[in-house]
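Topology and contacts: notes
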Amino acid sequence: MLVHIERVLTREQATEALETLSAAPWGDGRETAGYLSTRVKDNAQLPEGHPVARKLGAAILDSLGNNPKFIAAALPLKIVPPLFNRYRAGQTYGSHIDGALRPITGSPIKVRTDLSATLFLSDPASYDGGDLVIEDSFGERRVKLAAGDMVLYPGTSIHHVTPVTRGERVASFFWIQSAVRDDAQRSLLFELDDLVQALGGKEANHKEAVRLAGIYHNLVRFWADS
Ligand code: NI
């Protein structure tokens, strides 16, 4: 399941983030790539734990903590602190799969990467190329979103970023361990949750909405880790 989360940051916040990031000390993205990925990865990354990354990352996580669509879609247990990358003209990241377990630097915690997230910071009109292409059971899905918007996609999918041919593409990316590791189960719960909300909004359907909410929570009890 691919989920578009609108306005995690406002356009103004995204612009401000870009300004702060433009003065930050970017490093070579290959430094953090796995064995296979170093061959196909060509971008810049902000060093993990840099104060700018921490500050902007905290703002992103704050916003997501209050976003009902994100919470319903991801059922998050643990989130890797957001990282930041930049592609300039000619840069790209070929087909790869994200590592299954991501350590949180400076802690013994590892996050199982059930979901990958990309939050677009650059205005899509300011660059060409730089599409995130995700391979799922429907084939290839191309994603390029407005500044401040985010896509959630299964960490199990092979994906790539097409070469940037004009301008620069700056984004934040991170991973989420969900209480429900299986994408199909999580998708079903997301759909059911949406139905409960829709039914619950109408007084006439109150009893049915409560019964359906019961099924939702009992399925979560069957499937969730904690
Ligand atoms: Ni990736």
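Residues numbered from 1 in each chain as written. Predicted model: local features only at pLDDT ≥ 70, side-chain atom pairs only at ≥ 80, totals over all residues. Heavy atoms only, no water.

Glancing now at the packing of helix 4 (residues 183–200) against helix 5 (residues 206–223). The interhelical angle for the contact between helix 4 and helix 5, taken along N-to-C directions, is 160°, at an axis separation of 9 Å. When the interaxial angle is binned, helix 4 and helix 5 end up roughly antiparallel. You can see that helix 4 and helix 5 cross each other, and the crossing is left-handed. When helix 4 is examined against helix 5, the residues Gln-185, Leu-188, Leu-189, Leu-192, Asp-193, Leu-195, Val-196, Leu-199 and Gly-200 are found in contact with a partner set consisting of Ala-209, Leu-212, Ala-213, Ile-215, Tyr-216, Leu-219, Val-220 and Trp-223. Grouping the amino acids of the contact of helix 4 with helix 5 by side-chain chemistry returns 14 nonpolar, two polar and one charged. (Axes fitted to C-alpha atoms, helices over the stretch in contact; angles between N-to-C directions. Helix = DSSP H or I, 4+ residues; strand = E, 2+ residues; numbered from the N terminus. Parallel < 35°, antiparallel > 145°, perpendicular 65-115°, else oblique. Left-handed = near helix turned anticlockwise from the far one by under 90°. Contact = heavy atoms within 4.5 Å. Nonpolar A, V, L, I, M, F, W, Y, C, P; charged D, E, K, R; others polar.)

Turning next to the pattern of salt bridges. Summed over the entire model, instances satisfying the criterion amount to twelve salt bridges. With its nearest N and O atoms 3.6 Å apart, the salt bridge here joins Asp-28 to Arg-30. (Salt bridge = Lys/Arg side-chain N within 4 Å of Asp/Glu carboxyl O.)

Let us now look at the pairing of strand 12 (residues 139–143). As paired elements, strand 11 (residues 132–136) and strand 12 share five bridges and run antiparallel to each other. Note on strand 12: the bridge partner recorded for Leu-132 is Val-143. Adjacent in sequence and paired antiparallel, strand 11 and strand 12 are bridged by two residues. (Pairing = 2+ DSSP bridges.)

Time to look at the domain arrangement of the chain. The assigned domain composition of the chain is domain 1 (3–178) and domain 2 (183–223). The distance between the C-alpha centroids of domain 1 and domain 2 comes to 30 Å. Contacts between domain 1 and domain 2 engage ten residues on the former and six residues on the latter. Summed over both sides, the interface between domain 1 and domain 2 buries roughly 610 Å², with carbon and sulfur atoms accounting for 69% of that surface. Applying the counting criterion to the domain 1 and domain 2 interface returns one residue pair in polar contact (both at pLDDT 80 or more). Ranked by residues supplied to the side of domain 1 that touches domain 2, first place goes to helix 3 (residues 68–74) with four residues. Classifying every residue of the side of domain 1 that touches domain 2 by side-chain character gives seven nonpolar, one polar and two charged. (Domains from an automatic or database assignment. Buried area = accessible area lost by both parts, 1.4 Å probe. Polar contact = N/O pair within 3.5 Å; in protein donor to acceptor, adjacent residues only side chain to side chain.)

This part covers the environment of Pro-154. Here Pro-154 is to be found in strand 13 (residues 150–154). Owing to a relative accessible area of 8%, Pro-154 belongs among the buried residues under this scheme. Through-space distance from the C-alpha of Pro-154 to that of Thr-113 is 8.5 Å; in sequence the pair is 41 residues apart. If sequence neighbours within four positions are ignored, Pro-154 has contacts with Met-1, Leu-2, Asp-114, Ser-116 and Asp-183. (Buried < 20%, exposed > 50% of the residue type's maximum accessible area, 1.4 Å probe, protein only.)

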